[in-house]
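Commentary on secondary and tertiary structure
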Amino acid sequence: MDDATARMRLESMLEELDRSIGVLTGDPVSVRERSAADAGSDLTDADRNRAMIDVATRQRKAVLAALKRLDEGGYGRCVDCGKIVPEGRLEARPEAARCVQCQARVERRRY
Ligand SMILES: [Zn+2]
């Protein structure tokens, strides 16, 4: 994937995330409707809403960081070990900052 394609995909992800975050933070009705459609969970609307905002905000940060790496020329390299992040991984997740190995290590640390 070349830089122009990566930038295009990241920018459209950013737009999408901004829209979701706007809906989640500004439109409680649509959140209620979504929750009703997904009955059976013991999460309250507020919890679910917060969790979704949390995920979207984290992803937005990752997308912004990836755009910054594009500007600075470090895009496509793992931020931890500096190795090239495999093409297939970037295709699936253009905002990926780490290779699979380093990402796995980070996630093990988190849990
Ligand atoms: Zn790595």
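Each chain has its residues counted from 1, following the order in which its sequence is written. Thresholds applied to this predicted model are a pLDDT of at least 70 for local features of residues and 80 or more for the giving and counting of side-chain atom pairs; totals over whole chains, interfaces and linings are not thresholded and use all residues. Excluded from the side-chain calculations are hydrogens and water; all other atoms, namely the structure's heavy atoms, are used.

**Some remarks on the overall build of the chain**
Scanning the chain from N- to C-terminus turns up five helices and zero strands. Per-residue burial over the chain gives 29% buried out of 111 residues. Contact criterion: two residues are considered in contact whenever any of their non-hydrogen atoms come within 4.5 Å of each other. Looking at the chain alone, contacts between residues at least 24 apart form 54% of all its contacts between residues at least 6 apart. Working definition of accessibility: Shrake-Rupley area with a 1.4 Å probe, residue cover restricted to the visible protein chains. With the model as given, the accessible surface of the chain reaches about 7,300 Å², and the carbon-plus-sulfur share is 53%. The helix count covers DSSP runs of H or I at least four residues long, the strand count covers runs of E at least two residues long, and both are numbered beginning at the N terminus. In this scheme, a residue with accessible area under 20% of its type's maximum is buried, one over 50% is exposed, and one in between is partly exposed, where area comes from a 1.4 Å probe on protein chains only.

**Considering the UniProt feature "zinc finger region: dksA C4-type" (unreviewed entry) in the chain**
UniProt's entry tags residues 78–102 with the feature "zinc finger region: dksA C4-type" (unreviewed entry), counted in the numbering of this structure. End C-alpha to end C-alpha, residues 78–102 measures 8 Å, and it is 36% helix and 0% strand. UniProt positions are given in the numbering used here, feature names are shortened, and annotations may be inferred rather than shown by experiment.

**Some thoughts on the UniProt feature "domain: Zinc finger DksA/TraR C4-type" (unreviewed entry) in the chain**
In the UniProt entry, the feature "domain: Zinc finger DksA/TraR C4-type" (unreviewed entry) is given for residues 73–108. Taken end to end, residues 73–108 comprises 42% helix and 0% strand; its first and last C-alpha atoms sit 28 Å apart.

**Topic: the side chain of Glu95**
Looking at the element boundaries, Glu95 is found in the loop between α4 (87–92) and α5 (100–110). A residue is classified by how much of its surface remains accessible, and Glu95, at 5% relative accessible area, is buried. Residue contacts for Glu95: discarding those within four places in its chain leaves Leu10, Met13, Gln59, Ala62, Val63, Ala66 and Arg69.

**Brief notes about the coordination of the zinc ion**
Atoms are scored as donors when they are N, O or S and lie within 2.8 Å of the metal, with 3.2 Å used for Na, K and Ca; no water is included, so coordination may look incomplete. Donor atoms from the polypeptide that bind the zinc ion are Cys78 (SG), Cys81 (SG), Cys99 (SG) and Cys102 (SG), placed at 2.3 Å. For the zinc ion, the donor residues sit on a single chain with the sequence spacing C-x2-C-x17-C-x2-C. Within this pair, whereas Cys78 is found in the loop between α3 (45–72) and α4, its partner Cys99 is found in the loop between α4 and α5, the two being separated by 21 residues in sequence. For Cys99, a relative accessible area of 5% translates into the label buried.

**Quick look at α3**
Multiply 1.5 Å by the residue count of a helix minus one, and that product is the helix's expected span. The end-to-end C-alpha separation of α3 is 40 Å, in line with the 40 Å expected for 28 residues at 1.5 Å each. For α3, the full list of buried residues reads Arg48, Asn49, Ala56, Val63, Ala66, Leu67, Arg69 and Leu70. Among the residues trailing α3, Gly73 stands out with phi positive, at a value near 85°.

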